[in-house]
Amino acid sequence: MTQLPRPPATGPIRLMLVEDHDMVAEALGAALGEAAGIDLVATAATVAAAVAGAGRWRPDVVVLDRRLPDGDGVAAIGRIREAAPGARVLVLTAEASADVAARVVEAGGAGLVVKTSPLRELESAVREVAAGGVVFGPALLPGVLDRLAGRDRGPGGTLTGRERETLLLLADGVSTEQMSRRLGVARNTVRNHVQHVLEKLGARSKLEAVAIARREGLLD
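Just so we're clear, the structure is a prediction, and the values are computed from it rather than from any experiment. (Residues numbered from 1 in each chain as written. Predicted model: local features only at pLDDT ≥ 70, side-chain atom pairs only at ≥ 80, totals over all residues. Heavy atoms only, no water.)

Moving on to empty space enclosed by the protein. With the rule as written, the count across this model stands at 1 cavity of 30 Å³ or more. Empty space within the largest cavity amounts to approximately 40 Å³. Considering the residues around the largest cavity, the lining is formed by Asp72, Arg103, Arg164, Leu167, Leu168 and Leu218. At 3 residues, helix α7 (residues 161-171) tops the list of elements feeding residues into the lining of the largest cavity. Tallied by class, the residues present in the lining of the largest cavity amount to 3 nonpolar, no polar and 3 charged. (1 Å grid on protein atoms, 1.4 Å probe; cavity = no way out; pocket = protein on both sides within 12 Å on 5 of 7 lines; lining within 4 Å. Points joined across faces, edges and corners; volume = space filled by probe spheres on them. Helix = DSSP H or I, 4+ residues; strand = E, 2+ residues; numbered from the N terminus. Nonpolar A, V, L, I, M, F, W, Y, C, P; charged D, E, K, R; others polar.)

Here is the structure:
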């Protein structure tokens, strides 16, 4: 059955929070849940739980941690929006860069907020994206536009979301068997992803691919 996008919210903003650190999740949940006009309908700590929760609760806004135990949050944006058409995804990250911001835009996200930002800024960002706006710092916008226009496509600029997940797992020293379980794909598929990563980064080995990725800021 095809799901239709939710109509524009006329009541409280239905919010889902995806954060795997308990203390951070508790603090953010308490602050956002008490904000006027925001209804915290669900929380999750993994990509899998976020996708399932989005389908069940159909939130207006998803505040999504960039790094989760079972995958890259940015790479999961498409799956979350497929589960909850019309949901606006706001990514939380430890460090913001134009490359990360461009990935968020390309994946269909609506904004990027640094975790160290004051809670009032996060609340404001939730309201902004719920109203149809986007949230990116002024310092990030020129770099985002350059990357989206293809003017600054360095190594890794053409990696798909799944290839970026694979790259992050390579950097963590995860084996092919472990990647297969974490990504939910066959080992041959994992090997194909790894080969594509090496080709796109111009690397001859996994170690070289990780070194290039660190140099280019692809693991930030």
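After that view, the rundown keeps rolling.
Another aspect to go through is the packing of α7 against helix α10 (residues 206-215). The N-to-C vectors of α7 and α10 enclose an angle of 105 degrees; their axes lie 10 Å apart at closest approach. By the criterion of interaxial angle, the relationship of α7 to α10 is roughly perpendicular. Here Leu167, Leu170 and Ala171 of α7 lie close against α10, whose contacting residues are Lys206, Ala209, Val210, Ala213 and Arg214. (Axes fitted to C-alpha atoms, helices over the stretch in contact; angles between N-to-C directions. Parallel < 35°, antiparallel > 145°, perpendicular 65-115°, else oblique. Contact = heavy atoms within 4.5 Å.)

Averaged over every residue, the pLDDT of the protein chain is 86; the share at 70 or more is 87%. Throughout residues 1-9 the model reports pLDDT below 50, and contacts reaching past four residues in sequence, or to other chains, amount to 16 contacts. (pLDDT = per-residue confidence, 0-100.)

Below, the discussion takes up the sheet that holds strand β3 (residues 61-65). Pairing in this open sheet of 5 strands is parallel, and the strands run β2-β1-β3-β6-β7 from one edge to the other. Across the chains shown, the open sheet's two edge strands, defined by having one partner strand only, are β2 (38-44) and β7 (111-114). Across the sheet, the axes of successive neighbouring strands diverge by a mean angle of 25 degrees, strand direction being ignored. (Pairing = 2+ DSSP bridges.)

Turning to the side chain of Asp72, a few remarks are in order. Looking at the element boundaries, Asp72 is found in strand β5 (residues 71-72). In this structure the side chain of Asp72 is engaged in a polar contact, spanning 2.3 Å, whose partner is the side chain of Arg103. Discounting chain neighbours no more than four positions away, the residues touching Asp72 are Val47, Arg66, Arg103, Glu165 and Leu168. (Polar contact = N/O pair within 3.5 Å; in protein donor to acceptor, adjacent residues only side chain to side chain.)

You will see that Arg58, though not glycine, has its phi angle at about 50 degrees, which is positive. Structurally, Arg58 is set in the loop between α2 (47-57) and β3.

Turning to helix α9 (residues 187-201), a few remarks are in order. Between its terminal C-alpha atoms α9 stretches 21 Å, which fits the 21 Å expected from 15 residues at 1.5 Å a residue. Turning to α9, its buried residues number three or more, namely Val190, His193, Val194, Val197, Leu198 and Leu201. Taken end-on, α9 shows its buried residues confined to a sector of 135 degrees, consistent with a single buried face. Every exposed residue of α9 that faces more than 90 degrees away from the buried side is listed here: Asn188 and Glu199. Of the residues flanking the end of α9, it is Gly202, one or two places downstream, whose phi is positive at about 70 degrees. (Expected span 1.5 Å × (residues − 1). Buried < 20%, exposed > 50% of the residue type's maximum accessible area, 1.4 Å probe, protein only. Arc of directions from axis to C-beta.)

In the contact formed by helix α8 (residues 176-183) and α9, the axes pass within 9 Å of each other and the chain directions differ by 100 degrees. By the angle between their axes, α8 is roughly perpendicular relative to α9. Here Thr176, Glu177, Met179 and Ser180 of α8 lie close against α9, whose contacting residues are Arg187, Val190, Arg191 and Val194. In terms of residue class, the contact of α8 with α9 is made up of 3 nonpolar, 2 polar and 3 charged.

Mapped onto the elements of the fold, Leu170 is located in helix α7. Take Leu170: its relative accessible area is 9%, and that puts it in the buried class. Not counting the four nearest positions on each side in its chain, Leu170 is found in contact with Met179, Val194, Lys206 and Val210.

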